[in-house]
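Per-entry structural report
The residues making up each chain are set out below.
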Amino acid sequence: MIYEGMATEGLSIARGARERYDGVPRAPILRNPWCEIECGGHYTRAMSSWSLLLALSGFEYDGPRGRLRFSPRCQPENFKSFYSTAEGWGTFSQKAGGKTQKTTLAVLAGRVWLKAFQIGVPSGQAITDVRLGAEKVNVNYSIDAGQCHIHFGEGGIVVKPGLNLDVTTG
């Protein structure tokens, strides 16, 4: 449901499952918090929780092609999420205020190689600045239906701990 634009309804279903399988013994059964039948049963809760994170953040990753996408479906004007790739992990955040939006990809461990980065942007905005750490990065980009497609060139860029990728739109 979240992938189909119904975040409120999808979160309501997840909340109901968490309340139903809370580990509290009730006659005549014990409700096991690690075996939710809605998720296929048999210890799949960790994977079902992970799919909620992916759906809410709009995360898509293609490591061999160096493509990373975020399109938050919940509070996109003030959003922060954990992410994990093949070679690194960290946080993605975006905050809109006034007529600008700042998007930050932080790597906390490892590295993330990118040739393309896609983010949601408010209507009518364009990129005003892209930085890797303190250095300005020249990019090509296009905006289509509220999605900004940023291309870093043939070799791409490498985001490492301490060198956040910051994209400002306005």
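Rules of the game
Residues numbered from 1 in each chain as written. Predicted model: local features only at pLDDT ≥ 70, side-chain atom pairs only at ≥ 80, totals over all residues. Heavy atoms only, no water. Helix = DSSP H or I, 4+ residues; strand = E, 2+ residues; numbered from the N terminus. Buried < 20%, exposed > 50% of the residue type's maximum accessible area, 1.4 Å probe, protein only. Contact = heavy atoms within 4.5 Å. Pairing = 2+ DSSP bridges. Axes fitted to C-alpha atoms, helices over the stretch in contact; angles between N-to-C directions.

Its place among the elements puts Thr85 in the loop between strand S5 (78-84) and strand S6 (88-97). For Thr85, a relative accessible area of 11% corresponds to the buried category. When near neighbours in sequence (up to four residues on either side) are disregarded, Thr85 contacts Tyr61, Arg111 and Val112.

With that out of the way, let us pick up unusual backbone geometry. One non-glycine residue with positive phi stands out, namely Gln75, at about 50 degrees. The residue Gln75 is located in the loop between strand S4 (67-70) and S5 in this model. Residue classification places Gln75 among the exposed positions, given a relative accessible area of 52%.

Right, let's get into the sheet that holds strand S10 (residues 127-132). The antiparallel open sheet is built from six strands, whose spatial order is S5-S6-S7-S15-S10-S11. The open sheet is flanked by S5 and strand S11 (135-136), the only strands paired with a single partner. Note that S5 and S6 share seven bridges and pair antiparallel. From the neighbouring strand, Phe82 faces S6, where its bridge partner is Thr91.

What follows concerns the sheet that holds strand S9 (residues 116-120). Note: strands within a sheet are paired through backbone hydrogen bonds, in either parallel or antiparallel orientation. Taken in spatial order, the five strands of this open sheet run S3-S4-S9-S13-S12, and their pairing is mixed. Each edge of the open sheet is held by one strand with a lone partner, namely strand S3 (60-62) and strand S12 (140-144). Here the average twist between neighbouring strands, direction ignored, is 10 degrees. Here S3 pairs with S4 via three bridges, running antiparallel. Note that in S4 the partner of Asp62 across the bridge is Arg67.

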